[in-house]
Each structure stands twice: as structure tokens, then as C-alpha cells.
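Below, each chain spelled out in residue letters.
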Amino acid sequence: MAKGIRDKVAILGMGCAKFGERWDKDEDQLMLEAYEEAMADAGIEASQIDAAWLGAAFDAQNIGPSGIPLAVALRLPDIGVTKVENYCASGTESFRGAVYAVASGACDIALAMGAEKLKDTGYGGLPVRTRGTTHDMIGITGSAPGNFAQLASAYRGVHGVGKDDLKRAMAHVSVKSHANGAKNPKAHLQKAVTMDQVLNAPMIAEPLGLFDCCGVSDGAACAIVTTPEIARALGKTDIVTVKALQLATSNGWEMQASGWNGSYFHTTRVAATKAYDEAGITDPRSQLSLIEVHDCFSVTELVTMEDLHISKEGQGWRDVLDGFFDADGQIPCQIDGGLKCFGHPIGASGLRMIYENYLQLLGRAGERQRQDNPVFALSHNLGGMPNQNVSSIAIIGRADA
């Protein structure tokens, strides 16, 4: 019976481009920016890379439909390069391809890249009529803010949370992430905001105001992975390994009959349970050191705390207001600023989250560094809408944990 990939793969190096409105650079230059940092960290030559994966969601304008843009941008040595696309989980999906290749023994060293340059496309998260015949027939009357606003309404209704209480909890999520992002030179937005600013911001889709929504951005992030044995042979002594990688995809159940009440993410609960089992984590609330979750909207982050089995069902908003997920709380969430401050270049976000967890585990996060020696760090992506989506979870940690 399969026992998973725990500790079979080590991260040899990682890099992350500066996120933002990168009018100054093309997609290939953003990928190169992340790659050069990762290669310097790994301490290897390009000729040592056996295979590569590129994650991008739908930026056909800048990337195109194959692995060729990555191979050309990095001048990879005629190796196999595969492009993967899985909504907002695309970056983590590329990481999964590289990690599985090493874990299986097919490769000694593999590369994962996530990239997206959305500012050039004009995409802002709302429905557009330029994505082909199929897309014109799906979701033309909905929007991301509108769909996730319904998640907030369902959460309030199911758990009896007052309107003002939920609004304050969502505002705390945004204030916390902006305070963290202000310390991160690679974040798109590096400015703190106050509770009053968030609570009185223009309404986008009730109850989601301006600061409850993340923006789009340009960015790229890169990981190079190998076996722990090869990492040690290359001179690495402080090793971070992959503890778990899990993916769960909606099969239509949420939209059928009355089994799902709209107040949570079914796929995240499934992926989290499998990931903890693979990583050997029995009590995530006490064992996780920090987390990066998919905070496309403030309410998404709040609900995800319960779906990750960290907060009790219906109590996540209380943990948020109590500061449990603040930078100095028990489990910091979005200690790098999250999607709220990095924006969401879709294919890059998953690897950007793993990058921050990797820095924290190695004590390299500078002003943002968690002080109590992190052991396990989790990242989570949610692609799609509350009623139909794909959830991915990556847990990395110190090799001796």
C-alpha cells in the first residue's frame, strides 16, 4: 500500500521574483529572476537538472500552451519540460510533478516553476468574453467576489455569526496581512492599513469590501528538488524535506442534492486530512508552526482555518479576532503578506507560498522571521469557486522532524 512521499525529497534551492506591476519585464525575465536565485541557493549547474515543470493557469498571451517558454527562457539543456494548468493550484501542481519525479527515482534533480503575468492581459478577476467558446458559456453571470460573498453569507447563516462580528473578523485578516506585507520587499503592496480603513472601504460584493479582495499581479517562483542523500552529497547540512503533497478536486457533489450547505470547502477538508496522515501530523493546531493559505478573499482565509482542522467548526472567526493567526500568534498565517499583499499571479502563487515557508524553516526570512524555530509549515491553494474547485496542500519541514 502506498505510504506517500514523506522525507523522500528535499528542497535544494528556491527563488522568487518581485511581485507587482512588472511592466519592465517580460514573462521569461520574471522566470529568470526566480530561477537565478534558486540556482544560486541550490549551488548546481543547469546541466544537472533532469526535468522541469511549468505551472501557469491561463496566461496564454505571455506563456502559451507548452513547456517551450520555460525551456527557452532558462536555456534548459534539452530536457523534458511539462506545462501544467490547474487553476490556482497550478504552481503547487508544478511542484508536485517535480517532487514525484524525484521520489519515484525517475530524476535526481528536478525544477518547478510557477509564473503568470496578468497585468498585461487586463484580467482583473471578473468575467471576460475573450477566453474561447467554452468559457463564454460558463459562469457568465457570476464573479469571484460575488461567489465568495455567498460563502460569507452561508457561513454566517450556518453558524449564527453576527454580521458585525464576521465583518470585524474579516477586517482583522486584512489588517494582519498588510502589516506583514509591509515588511516584505518582494510584495506587490507594502503598506499597512487600519481597521477603520478596511471597515469603511468601498463595498465590492456585500459583505466583501475593497480590502477583503486580493488583486491580480505579475510574478514567478521557482523550486529545485532532489533526494536528501544527494542534497547532503552536494554539501547541504540544513535540509528541508517535503512531508506531504495532496490534491483534491470537486466531482460535482457540492452542486448535487442538499449535502453541501455552502459554508465550507469540501475539497480542502479532504486534502488536509490526507496531507496530515502523509506527514504524520496528528494535531495540526499544536504541531504546525506557520501556514500560508489561499486568501483570495478574507472570508476564504477565515473559513479555511476550520477546513484545515486548526479551528473548531464555526469558531474560526473567534480565533482570528483573538490573534491566533497573527505574526506573533500561535500559528502565523500569511506571515509574508499573502495574496492580499502579493496579489495573485495565478500560476506563481503556490510556489511563492512554499518559498516563504522554506525561508522561515531555514531562518532566512529577515524582519518577518518566526522566532521559535519552525518545524512544520503548510501551504494551501484553492482554485475555482466554493461550489466547484481544486484544493492543494503542501507540507514541508525540517528533515529531522
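Residues numbered from 1 in each chain as written. Predicted model: local features only at pLDDT ≥ 70, side-chain atom pairs only at ≥ 80, totals over all residues. Heavy atoms only, no water.

**As for the overall build of the chain**
What counts is decided by this rule: Helix numbering and strand numbering both begin at the N terminus, where a helix is a DSSP run of H or I of at least 4 residues and a strand a DSSP run of E of at least 2. Between the two quantities, the radius of gyration covers C-alpha atoms and the globule rule is 2.2 Å times the number of residues to the power 0.38. Buried means the residue's accessible area, taken with a 1.4 Å probe over protein chains only, is under 20% of the maximum for its type, while exposed means over 50%, and partly exposed covers the values in between. In what follows, a contact means two residues having at least one pair of non-hydrogen atoms within 4.5 Å. Note on areas: Shrake-Rupley, 1.4 Å probe, and residue coverage restricted to the protein chains presented here.
Helix and strand content of the chain: 14 helices and 11 strands. The globule rule puts the C-alpha radius of gyration for 401 residues at 21 Å, and the 20 Å found for the chain is close to it. The C-alpha extent of the chain, read off along each of the three principal axes, is 55 × 45 × 45 Å. Buried residues in the chain amount to 58% of all 401 residues. A separation threshold of at least 6 residues defines the contact pool for the chain, and within that pool the share at least 24 residues apart is 77%. Accessible surface, the chain as shown: approximately 15,700 Å² in total, 50% of it carbon and sulfur.

**Here we look at the pairing of strand β11 (residues 388-398)**
Selection criterion: A pair of strands is considered paired only if DSSP assigns at least 2 bridges between the two.
For β11, the buried fraction is high: nine of the 11 residues fall into the buried class. Pairing of strand β8 (residues 240-249) with β11, which is carried by nine bridges, proceeds in the antiparallel orientation. What sits directly across from Leu-245, in β11, is Ala-394. Across 10 bridges, the pairing between strand β10 (residues 376-385) and β11 is antiparallel. In the strand pairing of β11, Phe-376 is matched with Gly-397. In sequence, β10 turns back onto β11 through a hairpin of two residues.

**A closer look at the nonpolar core**
Inclusion rule: By convention a nonpolar core is built from buried Ala, Val, Leu, Ile, Met, Phe, Trp, Tyr and Cys residues, the set being connected through side-chain atoms within 4.5 Å.
With 49 residues, the main nonpolar core has Tyr-276, Leu-288, Ile-291, Ile-310, Phe-325 and Ile-395 as its most contacted residues. Residue assignment for this core shows that the elements contributing at least two residues are α5 (144-159), α6 (163-181), β8, α9 (266-279), α11 (298-307), α12 (316-321), β10 and β11. For this core, the element with the highest residue contribution is α5, accounting for six residues. Once you skip the residues sitting within four places of it in the chain, Ile-291 turns out to touch Met-305, Ile-310, Phe-325, Ile-331, Pro-332, Cys-333, Gln-334 and Leu-378.

**Digging into the domain arrangement of the chain**
Here is the rule: Where a domain begins and ends is set by an automatic assignment or by a domain database. Each of two parts loses accessible area, computed with a 1.4 Å probe, when they are put together; buried area is these two losses added. A pair is scored as a salt bridge if a Lys or Arg side-chain nitrogen falls within 4 Å of a carboxyl oxygen belonging to Asp or Glu. Polar contact is the term for a pair of N or O atoms within 3.5 Å; when the atoms are in protein, one must be able to donate a hydrogen and the other to accept it, and sequence-neighboring residues count only if both atoms are side-chain atoms.
You can read the domains of the chain as domain 1 (9-124 + 218-234) and domain 2 (143-215 + 239-398). Each of domain 1 and domain 2 has a C-alpha centre, and these two points are 24 Å apart. Of the residues lining the interface, 47 residues belong to domain 1; the matching set on domain 2 comes to 33 residues. Approximately 3,100 Å² of surface area, both sides summed, lies buried where domain 1 meets domain 2, with 72% of it carried by carbon and sulfur atoms. On the domain 1 side of the interface with domain 2, the three residues burying the most area are Phe-19, Cys-88 and Thr-92, jointly 22% of the side's total. Taken together, domain 1 and domain 2 are joined by two salt bridges. Residue Arg-364 pairs with Asp-41 through a salt bridge whose shortest N-O separation is 3.1 Å. Between the two partners, domain 1 and domain 2, sit 12 residue pairs in polar contact (both at pLDDT 80 or more).

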